[in-house]
Amino acid sequence: MGVTDTSEQASDRAQELRRFDESKLGVKGLLDSGLTSLPSFFIHPPETLSDLKPARPTPGSIPTVDLSGCDSARRPSVVKEVGRAARELGFFQVVNHGVPQEVLDRTVAAVKAFHEQPAEAKARIYRRNSETGVSFLSNVDLFLSKAAGWRDTLQVRLGPELADVEEIPEVCRNEVLEWNQQVQRLGGLLLGLLSEGLGLSPGKLQELTCLDARMMVGHYYPPCPQPNLTVGLTSHADPGVITVLLQDQVGGLQVKHGDEWVDVTPVPGALVINIGDILQIMSNDEYKSVDHRVLANPSQEPRVSIAVFCNPGNRENQFGPFPELVSSDKPAAFRQFTLNEYLRRFFTKELDGKSLINYFRA
């Protein structure tokens with residue numbers, strides 16, 4: 001294949017991407033238009049596709065931690081369980097977390113209702129840059145990635161400054177605001193447990209504003225006509241401190257553990273918690289931020305998940321391993337950096353796994 005052919009292909013692809021983005025339809029809109037095969041820019045390369053399959057059932061491989069009794073004599077054992085999960089897998093589910101089941105159900109239903117509105121209702125907030133803190137889009141890395149994922153996303157900035165409330169779609173506004181309050185409460189509890197799991201004071205992570213900057217993403221994975229040719233979300237690690245994920249019962253989330261992919265099987269009433277790169281760095285490699293992905297949805301039911309990424313509010317602070325966790329036996333594994341520098345690098349590359357954290361290694 002000549003250079004001209006390759007550049008023509010790249011030009012055609014860029015035009016296809018622009019057309020898709022400017023249509024403001026999202027993936028759901030493509031499906032509703034009667035599409036039965038994937039546009040070429042959704043088709044992933046063979047090296048990605050060869051690795052895509054539901055994981056072998058491994059019950060209990062993603063631990064479920066019971067948070068009841070955190071304010072009682074049970075706390076040390078909960079700290080131990082959370083710390084072990086953060087060190088070994090970087091992912092765990094939590095139950096008895098204090099969020100009522102009806103709130104979980106309402107939040108999922110509201111985000112689903114947003115995505116299932118007519119295309120013109122969503123098009124009003126379809127944008128890649130949002131001054132208001134609210135946007136609907138398909139694939140945050142659409143123009144950077146090798147191939148797109150079969151999903152649409154509603155993004156809402158929850159903190160440090162809440163998005164313009166009038167911009168949050170009315171169909172899910174109250175539920176999003178309620179979810180923000182629940183995540184702040186639960187996030188504070190989790191950061192305390194994770195701090196203690198490192199041998200630090202319970203307030204250490206919150207003192208560093210680690211819960212202040214919160215971004216909610218409400219993902220919608222419609223049924224995919226050719227799920228063996230694409231993904232829902234490519235393999236990546238989260239850049240922040242922790243992520244709190246509410247998923248419905250459809251499934252599709254997988255976590256990399258060693259050389260294998262492990263299913264994060266939905267547990268009714270549970271929330272999924274994972275460690276982000278920043279916390280791996282601050283813990284001096286004690287806690288693990290691991291690659292995860294979402295398979296394209298092969299079922300007839302859409303999959304809905306709502307993730308809240310928790311980040312430090314002060315982007316100009318220097319971040320690096322906690323001094324208490326650095327010694328002659330275990331020197332600092334990472335250099336110091338500002339969050340602004342970190343996020344700038346994250347958002348100018350495609351979502352592709354652990355290469356970013358390695359950039360900051362000492």
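All values derive from a computational prediction rather than experimental measurement.

Visitor: Just give me the short version of the packing of helix H5 (residues 101–115) against helix H7 (residues 173–197), but keep the residues and values in it.
Guide: One way to put it is that H5 packs onto H7 with a least axis distance of 9 Å and a crossing angle of 135 degrees. Relative to H7, the element H5 is oriented oblique. Regarding H5 and H7, the two cross each other, and that crossing is left-handed. Of the residues in H7, those touching H5 at Val103, Leu104, Arg106, Thr107 and Ala110 are Glu175, Glu178, Trp179 and Gln182. Here the contact of H5 with H7 is composed, by residue class, of 4 nonpolar, 2 polar and 3 charged.

Visitor: Tell me about the sheet that holds strand S7 (residues 242–247), and name the residues and values.
Guide: The mixed open sheet is built from 8 strands, whose spatial order is S1-S2-S10-S7-S12-S5-S4-S3. The open sheet has two edge strands, strand S1 (64–66) and strand S3 (134–137), and neither has a second partner. Neighbour-to-neighbour, the strand axes of this sheet turn through a mean angle of 25 degrees, independent of strand direction. Bridging between strand S4 (residues 152–159) and strand S5 (residues 213–221) involves 7 bridges; their strand directions are antiparallel. Residue pairing in the sheet places Thr153 in a bridge with His219 of S5.

Visitor: I'd like a description of the sheet that holds strand S8 (residues 253–257), backed by residues and values.
Guide: Strand order in the open sheet formed by 4 strands is S6-S11-S8-S9, with antiparallel pairing between adjacent strands. The sheet terminates laterally at strand S6 (231–236) and strand S9 (260–263), the two strands that pair on one side only. The average undirected angle you get between the axes of adjacent strands in this sheet is 30 degrees. Across 4 bridges, S8 lies against S9 in antiparallel orientation.

Visitor: I'd love a proper account of the pairing of strand S2 (residues 91–95), names of residues and values included.
Guide: Buried residues dominate S2, accounting for 5 of its 5 residues. Covered by surrounding structure in S2 are Phe91, Gln93 and Val95 together with Phe92 and Val94, the residues of both alternating faces. Relative to S2, S1 is paired through 3 bridges, and the arrangement is parallel. Directly across from Asp66, in S2, lies its bridge partner Val95. Between the parallel elements S1 and S2, the chain passes through helix H4 (residues 75–88) in a crossover that is right-handed.

Criteria and thresholds
- Residues numbered from 1 in each chain as written.
- Predicted model: local features only at pLDDT ≥ 70, side-chain atom pairs only at ≥ 80, totals over all residues.
- Heavy atoms only, no water.
- Axes fitted to C-alpha atoms, helices over the stretch in contact; angles between N-to-C directions.
- Helix = DSSP H or I, 4+ residues; strand = E, 2+ residues; numbered from the N terminus.
- Parallel < 35°, antiparallel > 145°, perpendicular 65-115°, else oblique.
- Left-handed = near helix turned anticlockwise from the far one by under 90°.
- Contact = heavy atoms within 4.5 Å.
- Nonpolar A, V, L, I, M, F, W, Y, C, P; charged D, E, K, R; others polar.
- Pairing = 2+ DSSP bridges.
- Buried < 20%, exposed > 50% of the residue type's maximum accessible area, 1.4 Å probe, protein only.
- Right-handed = clockwise from strand over helix to strand, strands pointing away.

As far as function goes, none of this settles anything; it's purely spatial.
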